[in-house]
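# Structural overview for review
Here are the chains, one letter per residue:
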Amino acid sequence: MRVNQLGALCIKYNTKLIVDGTQGFCAFPVSPPKSNVHAFIASGFKWMTAGYGVAVIYIDPEFRKELDFQAGVGTAWSIFSDHGRKLRTIKKLLNL
């Protein structure tokens, strides 16, 4: 299933779409806003051939307002700090 098809399903079911695009980033065109992607994360090591430690992240501006964003070093999960309601919301959206 293509990302834009997943995005259409997410609109239908009123849910957020978070994509780890590492396996296809730079090998295939991607436009998170056009595909209804709320967050897109990709490592630069695979197809960007950028080496370890380089990554990209896109967060939809409206979705960003719902997050307790903490910039820093770590995994993609480090952007969601453990400060109560917002983290629980993310976990609920991801069925964790």
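This text goes with the structure placed above it.
Notes on the structure in this doc start here. Quick caveat: nothing in here was measured; it's all calculated off a predicted structure. (Residues numbered from 1 in each chain as written. Predicted model: local features only at pLDDT ≥ 70, side-chain atom pairs only at ≥ 80, totals over all residues. Heavy atoms only, no water.)

## A short note on the pairing of strand E2 (residues 39-43)
- Taken together, the three bridges between strand E1 (residues 18-20) and E2 define a ladder with parallel strand orientation. The partner of Asp-20 across the bridge, within E2, is Ile-41.
- Here E2 runs beside strand E3 (residues 55-59); their pairing, made up of five bridges, is antiparallel. Looking across to E3, one finds that Ala-39 is bridged to Ile-59. (Pairing = 2+ DSSP bridges. Helix = DSSP H or I, 4+ residues; strand = E, 2+ residues; numbered from the N terminus.)

## Overview of the sheet that holds E3
- Strand order in the open sheet formed by three strands is E1-E2-E3, and the pairing between neighbours is mixed. Looking along the sheet, the strands with just one partner apiece sit at the ends: E1 and E3. Between one strand and the next, the sheet's axes are offset by a mean angle of 5°, whatever the strand orientation. (Axes fitted to C-alpha atoms, helices over the stretch in contact; angles between N-to-C directions.)

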